[in-house]
Amino acid sequence: DTGVSQNPRHKITKRGQNVTFRCDPISEHNRLYWYRQTLGQGPEFLTYFQNEAQLEKSRLLSDRFSAERPKGSFSTLEIQRTEQGDSAMYLCASSRAQGASPYEQYFGPGTRLTVT
Amino acid sequence: RKEVEQDPGPFNVPEGATVAFNCTYSNSASQSFFWYRQDCRKEPKLLMSVYSSGNEDGRFTAQLNRASQYISLLIRDSKLSDSATYLCVVKGDSSYKLIFGSGTRLLVRP
């Protein structure tokens, strides 16, 4: 059983640079979510997709953030002009749309971003 | 006020002890509830969903009190491997997003 995968696992970038992260969900899951987690806090929702449609975005997702899921499979999260406050763990999760437990979300290992 | 509130702990207990965590949520229309476990610098992992009638999975028992808007997790016969942060999680009423508490840290000592 292949779980959610994320790449890269770690990213160090300088302030002002753009970064892009990738998430591959569990294969039969058609909902995909992005969260951000900082030290000592629980994950905070950023956005989610059902298939290729982006259905909800948090107000945390500023104009510098964009997410895509072009073919309804993997997703990318891009941060433009990174700021030090963007340093966090970026988590991707997926879930089934139907069947038993459609609301249970399964997380990938995350991408840890450090902006210097 | 946070939407999901938890005591941050840490709870420091000996092996074999029984420990209970509570959390409260603010949105009375919330529909689904979960406990996740998170090890240091790892991703959250689903521990169990919480059903209205309460549910048990081995040494773990979860309960939901909708009237008081709180959720509990009981761990019996604690193991060293239970040391982790336990996240209380609520699904919103009209959204698929999950709302996490800040977590309760558990340390089980030999």
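Located above this text is the structure these notes cover.
Think of each chain on its own: its residues are numbered from 1, step by step along the sequence as written. Think of it this way: whatever chain is written first is A, whatever ligand is written first is 1, and the rest follow in order. Reporting of local features is limited, given that this is a predicted model, to residues whose pLDDT is at least 70; pairs of side-chain atoms are given and counted only at 80 or more, and all residues count toward the totals for whole chains, interfaces and linings. With hydrogens and water excluded, all non-hydrogen atoms of the structure serve as input to the side-chain values.

1. As for the interface of chain A and chain B
Phase 1 of the analysis: Every residue pair with non-hydrogen atoms within 4.5 Å of one another is taken to be in contact. With 21 residues of chain A in contact, the opposing surface of chain B contributes 20 residues.
Phase 2 of the analysis: Take the accessible area each of two parts loses on contact, using a 1.4 Å probe, and add the two losses: that sum is the buried area. Buried surface at the junction of chain A and chain B, both sides included, amounts to about 1,700 Å², of which 55% is carbon and sulfur.
Phase 3 of the analysis: Area buried by chain A at its contact with chain B is led by Tyr103(A), Glu104(A) and Phe107(A), which between them contribute 30% of it.
Phase 4 of the analysis: Within this document, salt bridges are pairs made up of a side-chain nitrogen of Lys or Arg and a carboxyl oxygen of Asp or Glu, the two lying within 4 Å of each other. Taken together, the links from chain A to chain B amount to one salt bridge.
Phase 5 of the analysis: One salt bridge connects Lys97(B) with Glu56(A), and the closest N-O pair in it is separated by 4.0 Å.
Phase 6 of the analysis: N or O atoms closer than or at 3.5 Å make up a polar contact, with two conditions inside protein: a donor-capable atom paired with an acceptor-capable one, and, for residues adjacent in sequence, both atoms drawn from side chains. Counting across the interface, chain A meets chain B through eight residue pairs in polar contact (both at pLDDT 80 or more).
Phase 7 of the analysis: The numbering of helices and of strands both runs from the N terminus, where a helix is a DSSP run of H or I of at least 4 residues and a strand a run of E of at least 2. Within the residue set of the side of chain A that touches chain B, elements represented by two or more residues are β4 (31–37), β5 (44–50), β9 (88–95) and β10 (106–107) of chain A.
Phase 8 of the analysis: Following the grouping adopted for this structure description, the nonpolar residues are Ala, Val, Leu, Ile, Met, Phe, Trp, Tyr, Cys and Pro, the charged ones are Asp, Glu, Lys and Arg, and the polar ones are all others, Gly among them. Broken down by class, the residue content of the side of chain A that touches chain B amounts to 11 nonpolar, six polar and four charged.

2. Description of the pattern of salt bridges
All names here are of chain A.
Phase 1 of the analysis: For the coordinates displayed, the defined rule picks out nine salt bridges over all chains.
Phase 2 of the analysis: Residues Arg64 and Asp86 are paired through a salt bridge, measuring 2.8 Å at the closest nitrogen-oxygen approach. Here Arg64 is found in the loop between β6 (53–57) and β7 (65–68), whereas its partner Asp86 is found in the loop between β8 (75–79) and β9, with 22 residues between them in sequence.
Phase 3 of the analysis: Via salt bridges that share partners, Arg64, Glu83 and Asp86 belong to a single interconnected network.

3. A look at the nonpolar core
Phase 1 of the analysis: If you look at the biggest cluster of nonpolar residues, it comprises 24 residues, and the most contacted ones within it are Phe21(B), Trp35(B), Ile71(B), Leu73(B), Ile75(B), Tyr86(B) and Leu106(B).
Phase 2 of the analysis: Secondary-structure elements contributing two or more residues to this core are β3 (19–25), β4 (32–38), β5 (44–50), β7 (60–65), β8 (70–75), β9 (84–91) and β11 (104–109) of chain B.
Phase 3 of the analysis: For the purposes of this section, nonpolar cores are sets of buried Ala, Val, Leu, Ile, Met, Phe, Trp, Tyr and Cys residues that join through side-chain atoms within 4.5 Å. Only protein chains enter the area calculation, which uses a 1.4 Å probe; residues under 20% of their type maximum are buried, those over 50% are exposed, and those in between are partly exposed. In this structure, Leu32(A), Leu77(A), Cys92(A) and Leu113(A) belong to the second largest nonpolar core, which totals 19 residues.

4. Quick look at empty space enclosed by the protein
All names here are of chain B.
Phase 1 of the analysis: Points on a 1 Å grid over protein atoms alone make up a cavity when a 1.4 Å probe fits among them but cannot get out, and a pocket when they form an open set with protein on both sides within 12 Å along at least five of seven lines; lining residues each have an atom within 4 Å of a point. Grid points are joined across faces, edges and corners, and a volume is the space filled by probe spheres set on the points. Evaluated as defined, the whole model comprises one cavity of 30 Å³ or more.
Phase 2 of the analysis: Roughly 40 Å³ of volume is contained in the largest cavity.
Phase 3 of the analysis: Glu3, Val4, Tyr25, Ser26, Asn27, Ser30, Val90 and Ile99 together form the lining of the largest cavity.
Phase 4 of the analysis: Tallied by class, the residues present in the lining of the largest cavity amount to four nonpolar, three polar and one charged.

5. As for the state of the cysteines
Phase 1 of the analysis: Note on terminology: disulfide denotes any pair of cysteine sulfur atoms within 2.5 Å. Tallied over the entire structure, the rule returns two disulfides over all chains.
Phase 2 of the analysis: Each sulfur of the disulfide joining Cys23(A) and Cys92(A) lies 1.8 Å from the other. Note on the Cys23(A) and Cys92(A) pair: the S-S dihedral is about -70°, so by sign convention the disulfide is left-handed. Of this pair, Cys23(A) sits in strand β3 (residues 19–24) while Cys92(A) sits in strand β9, placing them 69 residues apart in sequence.
Phase 3 of the analysis: The buried category is assigned to Cys23(A), whose relative accessible area is 0%.
Phase 4 of the analysis: Between the sulfur atoms of Cys23(B) and its disulfide mate Cys88(B) the distance is 1.8 Å. With Cys23(B) in strand β3 and Cys88(B) in strand β9, this pair connects stretches of sequence that are 65 residues apart. Like Cys88(B), Cys23(B) is buried.

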